[in-house]
Each structure stands twice: as structure tokens, then as C-alpha cells.
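# Structural characterization, general
Listed below are the residues making up each chain.
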Amino acid sequence: MHLPEIKNQIAFGFEQLLNLFYPNLCIVCEHRTHSKEELFCLDCQYHIHPTEMYKYQNNEFTAHFKGRIDLVNGAALYYYVKGGRIQKAIELLKYKNRPDIGIRLGRFYGSLLKKLPQYSDIDLILPVPLHSIRKIQRGYNQSSLIANGISESLNVMVREDILKRNKATYTQTEKNRMERISNMQKVFEIEKTGLIQNRHILLVDDILTTGATLEACASLLIKSGSVKISMVTLAMAT
Ligand SMILES: [Zn+2]
């Protein structure tokens, strides 16, 4: 046997040994996966499919913001179905101390976006910041993990020192939608506005529900400079 083959055999053996102690597990149900690259077991793969809306510049996600924010791109990787497997993965990420799920799904999402020309001129990735108390409780901001995973695949920098949450809290007592949005904008602030000028910004969050948070962040960025905005989330409520 030649040396490279022996090395391969050793590497293969080592991989098998690692797999014995740290098996490659599905991020939803913890059944085994075929390789460490695979996120889901065969059964989950059968049930979970990306929306593919990221391939189209006009889709359900961008329609959600029509007349509110002018988006260059917008897409959710999965649909969020109550009781579904993606809901379970996101719950593990948010409440069960599984930061790896955010990074791995982000990497996967980034690898899909990298193939598309409409995402090739992104300059900066900004995660939606989490309330500081929640971040302390959770130990991490899930949107920032997703953003970092996407960043690895797209090779674009994540900045967490631009879009920030204000320390003060504001209550949502107003009935009027415009008041609610302007109130929501007070929750966030932009620092280092010089860094965003003429940039194409990718905003990242975990789930799109009403879109109020993403809209507030985008409006604030647009007010602060000449920017192009794209948004991606892991999931979108149906
Ligand atoms: Zn599974």
C-alpha cells in the first residue's frame, strides 16, 4: 500500500472512531445522518424541503414587504409550520442551547445563496439584534449565529456594531400601524453610519412573522444612508 493510501485509511479510521464517540446526528430528531455535512437524517430529509423562493427576486417573502420596504432580494429558507420539523429545529436553537443549529443552517443557506447572481454584490451582513436580557438568558443571539453561518459561505463580513438595540424599552400601546412602526424603530439604532453608505446590506433574522422588526431595521438603515436592502430568514410563518 502506498503512503497516501495508508494516510487515507488512517483518516477514514479516525473519522469512523470520531463518529463512534460523536455520532453525526440529525439536528431535528437526533437520528444518525450519513455524514457530518448532512443536517438531517433520511426521514427528516424526506419531510423537509427548502422553499426555493431565494431563487426568485419576486416571491412570497418580498410580497410581504411590498409598499413597505423596497427590497433587492428577500427569502425564507423554509416554511414554518406549527408542529413541523423546522419549528422543532428553531425551538432547539432558541431555547435548548443549540447554537450549532444556527451556524449549520446558516452555512447551508449561504451555500445556496452563493450560487445566485442577485446575492453576489452583498457588502455587509447585519443580524437583527436581540434584546440584551434575552441574549444574557440564552447566551447567544440566534440571528447572529445564522448570519455567521451565511457569512462563512458567502465570504461577506458580519457586523454587529452597526445595527443595535436601544437600552431603553418601549411599549407597544398605540393602535395605529404607522405609530407602531415608528415606535418599533425607536427600539433600534444605527451606529457608524459611515460604514453603510452605498452598501448592499443583507439583514438576517430567524423567522418572518409580521415583519415589523425587519421593517423597522430596514427603515432605519434607509434613513441613515444610501443603502440597498436584502433580507433573509431561516423560516417564514405560513
Ligand atoms: Zn431527523
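Conventions we followed
- Residues numbered from 1 in each chain as written.
- Predicted model: local features only at pLDDT ≥ 70, side-chain atom pairs only at ≥ 80, totals over all residues.
- Heavy atoms only, no water.
- Donors = N, O, S within 2.8 Å, 3.2 Å for Na, K, Ca; no water.
- Tetrahedral: all angles 85-135°; square planar, octahedral: opposite > 155°, others 65-115°.
- Helix = DSSP H or I, 4+ residues; strand = E, 2+ residues; numbered from the N terminus.
- Buried < 20%, exposed > 50% of the residue type's maximum accessible area, 1.4 Å probe, protein only.
- Pairing = 2+ DSSP bridges.
- Axes fitted to C-alpha atoms, helices over the stretch in contact; angles between N-to-C directions.
- Contact = heavy atoms within 4.5 Å.
- pLDDT = per-residue confidence, 0-100.
- Core = buried A, V, L, I, M, F, W, Y, C linked by side-chain atoms within 4.5 Å.
- Domains from an automatic or database assignment.
- Left-handed = near helix turned anticlockwise from the far one by under 90°.
- Nonpolar A, V, L, I, M, F, W, Y, C, P; charged D, E, K, R; others polar.
- Phe/Tyr/Trp six-rings, centres within 6.5 Å; stacked < 30°, edge-to-face > 60°.

### Focus on the coordination of the zinc ion
Binding of the zinc ion to the protein goes through Cys26 (SG), Cys29 (SG), Cys41 (SG) and Cys44 (SG), at separations of 2.2 to 2.3 Å. Viewed at the metal, the four donor atoms of the zinc ion are separated by angles of 101 to 117°, and the geometry they form is tetrahedral. Every donor residue of the zinc ion comes from the same chain, spaced as C-x2-C-x11-C-x2-C. Here Cys44 lies in helix H2 (residues 42–47) and Cys26 lies in the loop between helix H1 (3–21) and H2, a separation of 18 residues in the sequence. Residue Cys44 is classed as buried on the basis of its relative accessible area of 0%.

### Overview of unusual backbone geometry
The phi torsion at Asn155 lies on the positive side, around 60°, for a residue other than glycine. Following the sequence through the fold, Asn155 ends up in the loop between helix H7 (142–154) and strand S3 (163–165). Owing to a relative accessible area of 69%, Asn155 belongs among the exposed residues under this scheme. Positive phi values are uncommon outside glycine, yet Asn198 reaches one of about 60°. Using a relative accessible area of 63% as the deciding quantity, one classes Asn198 as exposed.

### Considering the sheet that holds strand S2 (residues 124–127)
On the basis of which strands lie adjacent, the open sheet formed by four strands has the order S1-S6-S5-S2 and parallel pairing. The open sheet has two free edges, formed respectively by strand S1 (71–80) and S2, since each of these has just one partner strand. Ignoring strand direction, the axes of neighbouring strands in this sheet form an average angle of 20°. Pairing between S1 and strand S6 (residues 227–237): seven bridges, direction parallel. Pairing of Ala75 across the sheet is with Val232, part of S6. Across the sheet, helix H5 (residues 99–113) lies against S1 and S6, angled at about 130° from S1, the strand it touches most. Each of S2, strand S5 (199–208) and S6 is contacted by H7, which is oriented at about 130° to S5, the strand it contacts most.

### Overview of the confidence of the model for the chain
Any segment with low pLDDT has predicted coordinates that should not be analysed in fine detail. Averaged over every residue, the pLDDT of the chain is 89; the share at 70 or more is 87%. Per-residue pLDDT, averaged within each element of the chain, yields its smallest value for H1 (64) and its largest for S2 (98).

### A closer look at the nonpolar core
Ranked by size, the top nonpolar core spans 70 residues in total, and within it Phe40, Phe61, Ile150, Leu203 and Met231 carry the most contacts. When we break this core down by domain, the ones giving at least three residues each are domain 1 (1–47) and domain 2 (50–237).

### Quick word on the packing of H5 against H7
Where H5 meets H7, the axes come as close as 6 Å, and the angle between the chain directions of the two elements is 40°. In terms of crossing hand, the pair formed by H5 and H7 is right-handed. From H5, Pro99, Gly102, Ile103, Gly106, Arg107, Tyr109, Gly110, Ser111 and Leu113 reach across to H7, where they touch Leu145, Ile146, Asn148, Gly149, Ile150, Glu152, Ser153 and Leu154. For the contact of H5 with H7, a count of residues per class yields eight nonpolar, seven polar and two charged.

### A closer look at the packing of aromatic side chains
Under the definition given, this model contains three aromatic pairs. Ring plane angle 70° and centroid distance 6.4 Å describe the contact between Tyr54 and Tyr109, whose orientation is recorded as edge-to-face. Of this pair, Tyr54 sits in the loop between H2 and helix H3 (60–64) while Tyr109 sits in helix H5, placing them 55 residues apart in sequence. Residues Tyr54 and Tyr109 agree in their burial class; the two are buried. Centre to centre, the rings of Phe61 and Phe65 are 5.6 Å apart; their planes meet at 35°, and the pair counts as tilted. Assessed through its relative accessible area of 0%, Phe61 is described here as buried. For Phe65, a relative accessible area of 0% gives the class buried.

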